[in-house]
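Residue-level structural notes
The lines below spell out each chain.
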Amino acid sequence: MYCVRNVTEDLYWVGANDHRLHLFENIHPIPRGVSYNAYLLLDEKTVLFDTVDWSVCRQLLENVEYLLGERSLDYLVINHMEPDHGASIEEILLRWPQVKIISTEKAFLFMHQFGFQVDGHELIEVKEGDSFSFGKHNVTFVAAPMVHWPEAMVTFDTTNGVLFSADAFGSFGALDGKLFADEVNFDRDWIDDARRYLTNIVGKYGPHIQLLLKKAGGILDQIKYICPLHGPVWRKDLGYFIDKYDKWSRYEPEEKGVLIAYASMYGNTEAAAQALAAKLCEKGVTNVWVYDVSNTHVSYLVSESFRLSHIVLASVTYNLGIYPVMHDYLMHLKGLNLQNRTFALIENGSWAPKSGDLMQKFIEDEMKNMTVLGDRLSVASALHPDKASELESLANSIVESMQ
Ligand code: FEO
């Protein structure tokens with residue numbers, strides 16, 4: 001059975017939702033599922049914008065067949081060749097062999113690399129600034145390299161103001177019928193998954209997102225709809241989401257607040273983390289979030305690190321090093337290029353506490369534009385009242401740095 005929604009006039013969402021996949025890219029948990037968005041334009045020519053993951057290909061085909069009726073598919077625009085969007089290209093070609101594919105040079109290279117049989121079909125290579133007419137609708141292609149792969153482009157329909165934004169402005173979470181961001185309480189129910197998607201998937205490429213935002217800035221008054229490849233379509237309050245993207249890609253925190261990430265083997269480092277959290281709240285800083293790195297998937301830690309201004313790392317010493325899960329979290333922050341945060345440290349070690357020095361070295365040597373506060377709480381096995389003044393100083397130091 002088809003499952004489509006009208007976006008505007010002659011444009012339709014023909015994608016699909018997936019609640020069965022547990023790990024996006026086989027790494028990030030998606031407990032609320034994910035949508036793979038594709039769009040069909042019924043102009044004088046018929047145009048499919050992107051395809052979907054192989055797992056939901058059948059739904060895409062039913063949707064497109066239903067809307068086309070007796071018509072044929074004339075064009076397939078591929079904005080992004082990652083297989084969660086490009087995997088169904090061959091199925092489209094099998095059903096509509098005369099379809100012409102429009103994409104970038106690099107995307108055609110990737111189609112060949114992935115083994116898609118596109119040779120023999122008409123391939124139309126486009127580059128930055130090229131335009132194309134499908135009848136009433138004229139589109140312009142805009143290069144978006146590294147948002148999120150090098151071949152990516154976005155397509156702007158100058159007739160109806162629809163921006164097909166590829167991975168940009170996407171989100172984890174299945175749509176479950178609600179196509180538009182204004183049909184949900186986005187700020188309450190979606191923003192965390194949107195941030196987790198962007199920061200973990202494209203976080204490394206902040207400068208490239210900035211470049212795309214700059215290009216979009218020039219035509220902002222003309223953009224009426226943002227149609228991403230995952231998550232809701234935007235037709236109202238576009239500035240809200242654009243502002244979030246601007247902050248995330250500049251590595252600026254959304255909020256003044258403290259993330260306390262602890263690595264604890266027997267609960268003693270956790271107790272120190274909780275004592276600091278209570279102390280901060282007592283001092284009036286209540287935007288405090290405590291996470292056990294061993295029991296929190298790193299994608300959530302990354303997302304919270306992008307949200308908040310301050311990060312406290314509390315780690316046991318393990319094999320004379322940083323606790324492995326904490327180290328993994330730091331490696332993700334480095335890999336995703338997070339910057340402009342203030343760190344504070346709590347270390348624990350029963351005979352040779354090393355984690356504090358090692359975490360400080362990692363932050364200072366491996367990351368960019370970070371501040372590590374001078375006060376550090378050093379715990380030998382467990383936190384005792386003799387450390388009350390050290391705890392107080394650490395809390396004061398964090399509060400002061402937030403002024
Ligand atoms: Fe959803 Fe970069 O693909």
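Residues numbered from 1 in each chain as written. Predicted model: local features only at pLDDT ≥ 70, side-chain atom pairs only at ≥ 80, totals over all residues. Heavy atoms only, no water.

**Quick notes on the overall build of the chain**
Heads up, the rule is: For the purposes of this entry, the term helix denotes a DSSP run of H or I that reaches at least four residues, the term strand denotes a run of E that reaches at least two, and both are numbered from the N terminus. In this scheme, a residue with accessible area under 20% of its type's maximum is buried, one over 50% is exposed, and one in between is partly exposed, where area comes from a 1.4 Å probe on protein chains only. The contact definition used throughout considers only heavy atoms, calling two residues in contact when any of these lie within 4.5 Å. Just so you know, the count uses Lys and Arg for positive and Asp and Glu for negative, and it drops His and the chain ends. All charge positions are set by atom: Lys at NZ, Arg at CZ, Asp at CG, Glu at CD.
A tally of helices and strands in the chain yields 12 helices and 22 strands. The C-alpha extent of the chain, read off along each of the three principal axes, is 80 × 40 × 35 Å. Buried residues in the chain amount to 57% of all 403 residues. Here the analysis covers contacts within the chain between residues at least 6 apart in sequence; of these, 72% occur between residues at least 24 apart. Within the chain, one finds 35 positive and 54 negative side-chain charges whose respective centroids are separated by 3 Å.

**Overview of the sheet that holds strand E10 (residues 100–103)**
Rule in force here: Two strands qualify as a pair provided DSSP detects at least 2 bridges between them. Note on definitions: angles span 0 to 180 degrees between N-to-C directions of axes, and those axes are lines fitted to C-alpha atoms, for helices only across the stretch in contact.
Strand order in the open sheet made by the 7 strands is E1-E2-E7-E8-E9-E10-E11, with mixed pairing throughout. One side of each edge strand has no neighbouring strand; the edge strands of this open sheet are strand E1 (5–8) and strand E11 (123–125). Sheet twist, expressed as the average angle between the axes of neighbouring strands with direction ignored, equals 25°. Relative to E11, E10 runs parallel, the two being bridged by 3 bridges. Within E11, the residue paired with Ile102 across the bridge is Ile124. The strands that helix H1 (residues 57–68) touches are strand E2 (11–13), strand E7 (39–42) and strand E8 (46–49); relative to E7, the one it contacts most, it runs at about 10°.

**Details of the pattern of salt bridges**
Oppositely charged side chains can form a pair if their charged atoms are brought close together. To keep things clear, this is the line we draw: Salt bridges are defined by distance alone: a side-chain nitrogen of Lys or Arg within 4 Å of a carboxyl oxygen of Asp or Glu.
Following the criterion strictly, the structure yields 28 salt bridges and no others. Note that Arg376 is salt-bridged to Glu347, the shortest N-O span being 3.7 Å. With a gap of 29 residues between them, Arg376 in strand E22 (residues 371–379) and Glu347 in strand E21 (residues 342–348) connect regions that are remote in the sequence. Through salt bridges with shared partners, one network takes in Asp192, Arg195, Lys244 and Glu254.

**Examining the confidence of the model for the chain**
Quick note on the threshold: A residue's pLDDT is simply how confident the predictor is in it, with values from 0 to 100.
The predicted model of the chain averages 97 in pLDDT, with 100% of residues at 70 or higher. Across the chain, element-level confidence peaks in E2 with a mean pLDDT of 99 and bottoms out in helix H6 (residues 206–217) with 95.

**So, H1**
We apply this condition: One less than the number of residues in a helix, times 1.5 Å, gives the span that helix is expected to have. The reported arc concerns the directions from the helix axis to the C-beta atoms and nothing else.
Helix length check: H1 (12 residues) gives 16 Å between terminal C-alpha atoms against 16 Å at 1.5 Å per residue, within 8%. All buried positions along H1 are accounted for by Cys57, Leu60, Leu61, Asn63, Val64, Leu67 and Leu68. Down the axis of H1, the buried set is contained in an arc of 165°. They therefore lie on one face. Against E2, E7, E8 and helix H3 (89–95) lie the buried residues of H1. Gly69 sits one or two residues past H1 and shows a positive phi near 60°.

**Observations regarding the packing of aromatic side chains**
We count it as follows: Ring pairs are drawn from Phe, Tyr and Trp, using the six-membered ring of Trp, whenever the two centres fall within 6.5 Å, and their geometry is named by plane angle: stacked under 30 degrees, edge-to-face over 60, tilted for the rest. Only when the NZ atom of a Lys or the CZ atom of an Arg is both within 6 Å of the ring centre and within 35 degrees of the ring normal do we say a charge sits over the ring.
Per the stated rule, a full pass over the model turns up 26 aromatic pairs. A cation over an aromatic ring shows up here: Arg307 above the ring of Trp289, its NZ or CZ 4.7 Å from the ring centre.

**Side note on empty space enclosed by the protein**
Applied cut-off: The rule is simple: put a 1 Å grid over the protein atoms alone, call a set of points where a 1.4 Å probe fits but cannot get out a cavity, call an open set with protein on both sides within 12 Å along at least five of seven lines a pocket, and count a residue as lining if it has an atom within 4 Å of a point. Grid points are joined across faces, edges and corners, and a volume is the space filled by probe spheres set on the points. When residues are sorted by character, Ala, Val, Leu, Ile, Met, Phe, Trp, Tyr, Cys and Pro go into the nonpolar class, Asp, Glu, Lys and Arg into the charged class, and all the rest, Gly among them, into the polar class.
On inspection of all chains with the given rule, the structure shows 1 cavity of 30 Å³ or more. The space that makes up the largest cavity amounts to roughly 40 Å³. Ala143, Ala144, Pro145, His208, Leu211, Leu212 and Lys215 are the residues that line the largest cavity. Considering each element in turn, the lining of the largest cavity owes the most residues, 4 residues, to H6. Split into classes, the residues belonging to the lining of the largest cavity amount to 5 nonpolar, 1 polar and 1 charged.

**Some details on the sheet that holds strand E13 (residues 138–143)**
Pairing is mixed across the open sheet formed by 5 strands, whose spatial order is E12-E13-E14-E15-E16. Two strands in the sheet have a free side with no partner beyond their single neighbour: strand E12 (131–133) and strand E16 (225–228). Strand-to-strand twist of the sheet, defined as the mean angle between neighbouring strand axes without regard to direction, takes the value 20°.

**Notes on a nonpolar patch on the surface**
Here is the rule we go by: Patch membership needs two things, relative accessible area over 30% and no salt bridge, and members are linked within 9 Å if like-charged or within 5 Å if nonpolar (Val, Leu, Ile, Met, Phe, Trp, Tyr). Here, Shrake-Rupley sampling with a 1.4 Å probe gives the accessible areas, and only protein chains in the shown set may cover a residue.
On the surface, a cluster of nonpolar side chains totalling about 340 Å² of accessible area is made up of Met1, Tyr2 and Tyr66. Within the fold, Met1 resides in the segment before E1.

**So, the packing of helix H8 (residues 268–282) against helix H12 (residues 388–401)**
Definition in use: Convention used here: angles under 35 degrees read as roughly parallel, angles over 145 as roughly antiparallel, angles from 65 to 115 as roughly perpendicular, and any remaining angle as oblique. In a left-handed crossing the near helix is turned counterclockwise from the far helix by less than a right angle, and in a right-handed crossing that turn is clockwise.
H12 packs onto H8 with a crossing angle of 55° between their chain directions and a minimal axis gap of 10 Å. Viewed along their axes, H8 and H12 adopt a mutual orientation that is oblique. Crossing hand, H8 versus H12: right-handed. For the pair H8 and H12, contact is made by Ala275, Leu276, Lys279 and Leu280 and by Leu391, Glu392, Leu394, Ala395, Ile398 and Val399, respectively. Taken together, the residues of the contact of H8 with H12 sort by class into 8 nonpolar, no polar and 2 charged.

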